[in-house]
Structure formats: structure tokens, C-alpha cells
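What the coordinates show
If you want the building blocks of each chain, they are given just below.
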Amino acid sequence: LLSGHRSVLAGGLDLPRLAGLLPRLAPRYYSISSSPAAPGGARRASVTVALVEYSSATGRLHKGAASSTIHGQQVGLFLAGTVRQLQSRFRLPPNPLTPIIMVGPGTGVAPMIGFLEERQALQQAGAALGPAVLFFGCRSEQDYLYKQQLQDWLASGV
């Protein structure tokens with residue numbers, strides 16, 4: 001980048017100084033899309049991340065800083081990150097017979113997947129479950145990441 005803008009270099013602005021002038025990237029927060037009650041337990045957490053990649057009107061390709069990094073990783077490798085426990089009341093009702101309506105637009109479906117994993121674990125432990133309805137959307141079949149799992153959960157009454 002700097003070699004294409006030699007006037008910046010001629011003005012005494014080197015790469016470390018230039019990097020110091022740039023704003024820091026804001027942290028990216030993702031919802032956990034798994035349940036500690038699911039196989040793997042509390043030692044496994046998954047996140048659902050949509051790849052942000054698009055071309056602007058000028059034809060320039062824009063890639064999401066976090067999503068493209070995650071997308072570019074080899075399957076099975078670990079990524080460093082932090083987990084923060086939020087003071088949220090966003091969880092399943094304590095009584096599994098309570099009917100629930102879940103709405104998850106786009107990757108907003110992530111916490112709902114965790115809820116469904118938890119309901120599956122409850123069902124496998126012998127609990128009766130109340131009705132559950134999930135509303136979500138996908139722009140394309142490629143975005144329907146949990147298709148088979150959702151069909152299986154529907155068929156089993158989760």
C-alpha cells in the first residue's frame with residue numbers, strides 16, 4: 001500500500017507511525033450457538049458467523065475483518081478469543097413445558113440453536129417439552145447452515 005503512495009513515505013511517515021494513527025478495530029461480539037447441556041458440555045462452545053463480503057458500486061471488494069479471518073481458517077483449528085458472561089435474562093424458561101416462540105433473523109439464529117440443543121438434552125433426559133416455534137430467514141440455501149439439525153429437531157419434537 002505504501003509503495004503505491006510514495007509521497008507518504010517521502011514525508012517521513014513509516015509503517016509503524018501510520019499504524020499508530022489508525023483507529024483500533026472495535027471488538028466483534030458473537031452469540032454462542034451451543035448449549036453446555038449438549039455433547040461436549042461446557043468445554044465446547046460454537047458461534048455462528050456470517051461471512052461479510054461484498055463489492056461496492058465502484059467494484060472494490062470489502063471483507064469483514066473478523067468474519068473473513070474466521071472463514072479463512074482451516075476446519076478443526078482453534079481461534080483465540082474471549083468469552084464474556086453478560087448479565088442477561090435471555091434464556092429458556094425454567095419449566096420445559098412452557099411454550100416458546102423464538103425469532104432469529106440472519107445469524108441471530110445462533111442463540112436459538114443453543115436453546116434447541118438444550119431442549120434436545122432435556123428431552124433425552126426424559127423431560128416432556130412444551131411447544132416451540134422458531135422464525136428465521138436465510139437469503140440463500142447456502143445460508144441455511146442448520147437445515148439438517150432443524151429438520152431433525154422438528155421431527156423429534158424438540
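Scroll up to find the structure this text is about.
Described below are features of the structure shown in this document. Everything numeric here is computed off the predicted structure, so don't read it as measured data.

Quick notes on the overall build of the protein chain
Each helix and strand counted, the protein chain has five helices and four strands in total. Listing every helix and strand of the protein chain by position from the N terminus yields α-α-β-β-α-β-α-β-α. For the protein chain, whose C-alpha radius of gyration is 21 Å, the value lies well above the compact-globule estimate of 15 Å for 158 residues. Within the protein chain, the fraction of its 158 residues that count as buried is 20%. Relative to all contacts within the protein chain whose residues are 6 or more apart in sequence, the contacts with residues 24 or more apart total 55%. The distance from the centre of the 14 positive side-chain charges to the centre of the 7 negative ones in the protein chain is 11 Å.

Here we look at helix H4 (residues 110-124)
Between its first and last C-alpha, H4 extends 21 Å over 15 residues, near the 21 Å set by a 1.5 Å rise per residue. Considered for burial, the residues of H4 that qualify are Ala-110, Pro-111, Met-112, Ile-113, Gly-114, Phe-115, Leu-116, Glu-117, Arg-119 and Ala-121. A positive backbone phi angle near 100° is found at Gly-126, which sits one or two residues after H4.

Regarding the packing of H4 against helix H5 (residues 147-156)
In a pair of packed helices, the angle between the axes and the distance between the axes together describe the arrangement. Viewed as axis vectors pointing N to C, H4 and H5 meet at an angle of 40°, and their least axial separation amounts to 11 Å. As far as their axial angle goes, H5 and H4 are oblique. Judged by the twist between their axes, the crossing of H4 over H5 is left-handed. Of the residues in H5, those in contact with Ile-113, Leu-116, Glu-117, Gln-120 and Gln-123 of H4 are Gln-149, Leu-150, Trp-153 and Ser-156. Residue composition of the contact of H4 with H5, grouped by class: four nonpolar, four polar and one charged.

Here we look at the side chain of Ser-33
Topologically, Ser-33 is positioned in the loop between helix H2 (15-21) and strand S1 (53-55). Ignoring sequence-local partners within four residues, the contact set of Ser-33 consists of Ser-46, Val-47, Thr-48, Ala-110, Ile-113, Gly-114, Glu-117 and Tyr-146.

Thoughts on the nonpolar core
As a rule of thumb, nonpolar side chains are buried together in soluble globular proteins. Membership of the largest hydrophobic core is limited to twelve residues, which are Leu-92, Ile-100, Met-102, Val-109, Met-112, Ile-113, Phe-115, Leu-116, Tyr-146, Leu-150, Trp-153 and Val-158. For this core, the elements supplying multiple residues, two or more each, are strand S3 (100-105), H4 and H5. Per element, the largest residue contribution to this core is four residues, and it comes from H4. Excluding its chain neighbours within four sequence positions, the residues that come into contact with Leu-116 are Met-102, Leu-134, Leu-150, Trp-153 and Val-158.

Rules used throughout
- Residues numbered from 1 in each chain as written.
- Predicted model: local features only at pLDDT ≥ 70, side-chain atom pairs only at ≥ 80, totals over all residues.
- Heavy atoms only, no water.
- Helix = DSSP H or I, 4+ residues; strand = E, 2+ residues; numbered from the N terminus.
- Rg over C-alpha atoms; globule rule 2.2 N^0.38 Å.
- Buried < 20%, exposed > 50% of the residue type's maximum accessible area, 1.4 Å probe, protein only.
- Contact = heavy atoms within 4.5 Å.
- Lys, Arg positive; Asp, Glu negative; His and termini not counted.
- Charge placed at Lys NZ, Arg CZ, Asp CG, Glu CD.
- Expected span 1.5 Å × (residues − 1).
- Axes fitted to C-alpha atoms, helices over the stretch in contact; angles between N-to-C directions.
- Parallel < 35°, antiparallel > 145°, perpendicular 65-115°, else oblique.
- Left-handed = near helix turned anticlockwise from the far one by under 90°.
- Nonpolar A, V, L, I, M, F, W, Y, C, P; charged D, E, K, R; others polar.
- Core = buried A, V, L, I, M, F, W, Y, C linked by side-chain atoms within 4.5 Å.

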